[in-house]
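What follows is each chain in one-letter form.
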Amino acid sequence: MSDTAQITLLDLPSREPCSTWSLNPWKTRLLLNYKGLDYKTEWTEYPDIKTKVQPHLPPNENGTPYTIPTVKLADGTWIMDSRQIADAIEKRHPEPSVHLDSPYLTKVGDVLSKIIEHIRPMCFSRIPVNLLNEASVQYWYDTRKERLGMSVRDFEKKYGGEAAYKAAEPHLKQMTDLLRESDGPFFMGTEPSYADFVWVGALVFFKRVDAEVSKEVLRRTGDRAVHESLLDACAPWLKRDSH
């Protein structure tokens, strides 16, 4: 298949060896891998996102105007935002379905947003240290300081640590409860869905950000085994992470 017939995935690079690390791009990559679709990765540093995407799409009305993941579909259509991408891919390639109508998707998304809210201070300070290339480091520090009203280091000092993990713990246990509702390994039991990709993307993200963060997150779930089983079950779609 020629390049022109491929989907192009704009993703955020890590340091060498370069691979996917961010939560939202992981959702899209897991989706594309699961569907078995032909795609190529276009690594895009933070300062270059707007330049690449602006000619093709209007800005987001809320939050950051231009974000990753963004995809260019095989027919030339550009789409930004992991959920909008999922909707378009599912419509164009309905089999195998990722069950975007599953009630688990909303539940997982709601719980994850609360988890991220509390774990964010540790992530924000460690992403530029552990993951970002030089081209994106200063951009990260500047934009996060503007958003937070303080440096990412001060943000972690003020809101991170044990208090943050303790605040996240009930929500992590809630995620465990959702996984335990079926016999697993997926939220829907034996059938994968996009809800799995949302949570697995987060688990891989925490691991990439910092081993200690990942360790604490899994410990606070109350049953790390069910989450590790989910990761193992999604392993086939986690393999392609760098091209």
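Thresholds applied
- Residues numbered from 1 in each chain as written.
- Predicted model: local features only at pLDDT ≥ 70, side-chain atom pairs only at ≥ 80, totals over all residues.
- Heavy atoms only, no water.
- Helix = DSSP H or I, 4+ residues; strand = E, 2+ residues; numbered from the N terminus.
- Rg over C-alpha atoms; globule rule 2.2 N^0.38 Å.
- Buried < 20%, exposed > 50% of the residue type's maximum accessible area, 1.4 Å probe, protein only.
- Polar contact = N/O pair within 3.5 Å; in protein donor to acceptor, adjacent residues only side chain to side chain.
- Contact = heavy atoms within 4.5 Å.
- UniProt positions renumbered as here; feature names shortened; annotations may be inferred.
- Pairing = 2+ DSSP bridges.
- Axes fitted to C-alpha atoms, helices over the stretch in contact; angles between N-to-C directions.
- Right-handed = clockwise from strand over helix to strand, strands pointing away.
- Salt bridge = Lys/Arg side-chain N within 4 Å of Asp/Glu carboxyl O.

J.: What am I meant to see in the overall build of the protein here?
T.: Counting its regular elements, the protein contains 11 helices and four strands. Taken against the 2.2 N^0.38 rule, which gives 18 Å for 243 residues, the C-alpha radius of gyration of the protein at 18 Å falls within 12% of a compact globule. A principal-axis box enclosing the C-alpha atoms of the protein has dimensions of 50 × 45 × 35 Å. When each of the 243 residues of the protein is scored for burial, the buried share is 53%.

J.: Is there a simple way to think about the side chain of His99 in this case?
T.: Inspection of the secondary structure puts His99 in the loop between helix H3 (82–92) and helix H4 (103–130). We classify His99 as buried; its relative accessible area is 16%. Here the side chain of His99 touches Glu191 through a polar contact of 2.9 Å, side chain to side chain. Every residue in contact with His99, bar those within four places of it in the chain, is listed here: Glu90, Met188, Glu191, Pro192 and Ser193.

J.: What should I look at first to understand the UniProt feature "domain: GST N-terminal" (unreviewed entry) in the protein in this one?
T.: Residues given the UniProt feature "domain: GST N-terminal" (unreviewed entry) here are residues 21–91. Across residues 21–91 one finds 39% helix and 15% strand; the C-alpha atoms that close the span lie 26 Å apart.

J.: For this particular structure, what's the right way to read the sheet that holds strand E2 (residues 39–43)?
T.: Working definition: the strands of a sheet are paired by backbone hydrogen bonds and lie parallel or antiparallel to each other. In spatial order, the strands read E2-E1-E3-E4; together these four strands make up an open sheet with mixed pairing. Strand pairing shows two members of the sheet lacking a second neighbour, E2 and strand E4 (78–80), which therefore form its edges. Here the strands of the sheet are splayed against their neighbours by 20° on average, with no regard to which way each runs. In the packing of helix H1 (residues 23–35) onto the sheet, contacts are made with strand E1 (7–11), E2 and strand E3 (70–72), and the angle to E1 comes to roughly 155°. Relative to the sheet, H3 contacts E1, E3 and E4, its axis offset from that of E4 by approximately 135°.

J.: Help me understand the pairing of E1, please; the structure alone is not making it clear to me.
T.: The side chains of a regular strand alternate, first on one face of the sheet and then on the other. The buried fraction of E1 amounts to five of the five residues, a majority that puts the element mostly inside the structure. Burial along E1 is two-sided: the face carrying Ile7, Leu9 and Asp11 and the face carrying Thr8 and Leu10 are both buried. Read from E1 through H1 to E2, the crossover connection turns out right-handed. Pairing of E1 with E3 involves three bridges; the strand directions are antiparallel. What sits directly across from Leu10, in E3, is Thr70.

J.: Even after reading the chapter, I still don't get the pattern of salt bridges, so can you show me in this structure?
T.: If the charged atoms of two oppositely charged side chains come close together, the side chains can form a pair. Going through the model one piece at a time under the given rule, you end up with 14 salt bridges. The residue Arg180 makes a salt bridge to Asp223 at a minimum N-O spacing of 3.0 Å. Highlighted residues: Arg180 in helix H7 (residues 162–180) and Asp223 in the loop between helix H9 (211–220) and helix H10 (224–233), separated in sequence by 43 residues. Take Arg180: its relative accessible area is 46%, and that puts it in the partly exposed class. Given a relative accessible area of 18%, Asp223 falls into the buried group.

J.: Can you walk me through the pairing of E2 in this structure?
T.: Two elements, E1 and E2, share five bridges in a ladder whose sense is parallel. Counterpart to Leu10 in the pairing with E2 is Glu42.

J.: Would you explain unusual backbone geometry in this entry?
T.: Note: most peptide bonds trans; most residues except glycine with negative phi. Cis peptide bonds are those with omega within 30 degrees of zero, and the linkage from Ile68 to Pro69 qualifies with 15°. Within the secondary structure, Pro69 is located in the loop between helix H2 (49–53) and E3. Cis geometry is found at the peptide bond from Glu95 to Pro96, where omega equals -10°. Checked against the element boundaries, Pro96 lands in the loop between H3 and H4.

J.: Where do I start with the environment of Pro94 in this structure?
T.: Within the secondary structure layout, Pro94 lies in the loop between H3 and H4. The class of Pro94 is partly exposed, set by a relative accessible area of 43%. Spatially, the C-alpha atoms of Pro94 and Val137 are 39 Å apart, while their sequence positions differ by 43 residues.

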